[in-house]
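Structural overview for review
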Amino acid sequence: MSLCLVVDDLHPSWQSLFQEADLITHYRPDLMAAEVPAALAAHAYEGLVVRGKVRVTAALLAHGPALRYVARAGAGVDNIDEAAMRAAGVTLLNAPEGNRDAVGEFALGLLLALLRNIPRADQEVRQAIWQREANRGEELGGKVVGILGYGNMGRAFAQRLMSFGCTVLAHDNDSACLPDHNATLVTLHELQQRAEVLSLHIPYSVLNHHFVNEAMLLAFRNPIWVLNTARGEVLDQAALVRGLQSGQVRGAALDVLENEKLATLTPTQQATFDFLKNAPQVLLSPHIGGWTHQSYQHINEVLAQKIGAFLRLAPRRG
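Residues numbered from 1 in each chain as written. Predicted model: local features only at pLDDT ≥ 70, side-chain atom pairs only at ≥ 80, totals over all residues. Heavy atoms only, no water.

Leu-198, Val-212 and Leu-240 are the most contacted members of the largest nonpolar core, which totals 30 residues. Those elements giving two or more residues to this core turn out to be β6 (144-148), β9 (197-200), α9 (214-218), β10 (224-228), α10 (237-246), β11 (249-254) and α11 (267-278). The leading source of residues in this core is α10, at four residues. Look past the residues within four positions of Leu-198 in its chain and what remains in contact with it is Gly-146, Leu-148, Leu-191, Val-212, Phe-220, Ile-224, Trp-225, Val-226 and Leu-227. With 24 residues, the next largest nonpolar core counts Ala-107, Tyr-150, Ala-183 and Leu-227 among its residues. (Core = buried A, V, L, I, M, F, W, Y, C linked by side-chain atoms within 4.5 Å. Buried < 20%, exposed > 50% of the residue type's maximum accessible area, 1.4 Å probe, protein only. Helix = DSSP H or I, 4+ residues; strand = E, 2+ residues; numbered from the N terminus. Contact = heavy atoms within 4.5 Å.)

Now for the UniProt feature "domain: D-isomer specific 2-hydroxyacid dehydrogenase catalytic" (unreviewed entry) in the protein chain. The positions UniProt marks with the feature "domain: D-isomer specific 2-hydroxyacid dehydrogenase catalytic" (unreviewed entry) are residues 5-312. Strand forms 16% of residues 5-312 and helix 38%; the C-alpha atoms that close the span are 19 Å apart. (UniProt positions renumbered as here; feature names shortened; annotations may be inferred.)

This brings us to the domain arrangement of the protein chain. The domains assigned to the protein chain are domain 1 (2-94 + 294-313) and domain 2 (99-284). Centre-to-centre separation of domain 1 and domain 2, based on C-alpha positions: 32 Å. Taken together, the contacts link six residues of domain 1 with five residues of domain 2. With both sides pooled, the region where domain 1 packs onto domain 2 buries about 430 Å², and carbon together with sulfur makes up 56% of that total. (Domains from an automatic or database assignment. Buried area = accessible area lost by both parts, 1.4 Å probe.)

Given a rise of 1.5 Å per residue, 20 residues ought to cover 28 Å, and the 28 Å separating the end C-alpha atoms of helix α5 (residues 96-115) matches this to within 8%. Roughly 25 degrees is the biggest bend found in α5, and it falls at Ala-102. Just past α5, the residue Asn-117 takes up positive phi, approximately 60 degrees. (Expected span 1.5 Å × (residues − 1). Bend = angle between axes of the 7 residues up to and from the residue.)

Attention shifts here to the UniProt feature "domain: D-isomer specific 2-hydroxyacid dehydrogenase NAD-binding" (unreviewed entry) in the protein chain. UniProt feature "domain: D-isomer specific 2-hydroxyacid dehydrogenase NAD-binding" (unreviewed entry): in the numbering of this structure it lies at residues 108-289. In this annotation, residues 108-289 is assigned 34% helix and 16% strand; the end-to-end C-alpha distance for the span is 10 Å.

So this is what it looks like as structure tokens:
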């Protein structure tokens, strides 16, 4: 049996799933972030399960000398210092398979809502405004959709696009990325030459900060619709605003923002946010793309399976 500490809320299914993985679990979602280091040091934990409460840094890892793995209950790992993990000999596990279907469905929903003016039309009818011609939209069928990042989320989105008769192009900087029958892998240049829609599915890292910037947006031959269900920091929000103002960006649907703590926006961030929230061709949602009742449970299933496999195969430290 292996001892692990859970410091964030998980779907109630964790109890049976973690027990099946031979885990003894101390479930402490009540802990404040500042209390986690002491809690970690109180026992010889081999595992730490987190979501977004704490940043996993070298300083935190030092409080858990017996740690063998850190498991992130979700897809993104931008709150985890991967270099510090490697230096400490601690394995990183995450669960992008758990919410990829939720993200794929949500991205499709955003795109359809954007192309067909659904939120705007809904609000107008509620105000007794009946405008058909002003809300004439675009069909998704036949569009060339460019997917930036072809991992779990990008593939789930591509799978759903195929039934609409789209041409789906994907670009991924990982040379090990393999093609499938739902999308054609292309260079970034070809994607920019052909795409009418750009959907972002790349993780956040220092290297990916503002990966989609003004120069990249201007390099698209066609005016484009932009979707971001990945991380806010991969898209230069001010550049997006300029693209919307110039017409290079026809519309945008953002499930994530550069700063999602809206009470702490800098003056520059506030200016871009004010433009986006008032722009009729922009849709905003509060980082809920992967947030479904089903994905909440699926993430547990994936984590339990990965932790169990790791414990069976990886030797104990020391």
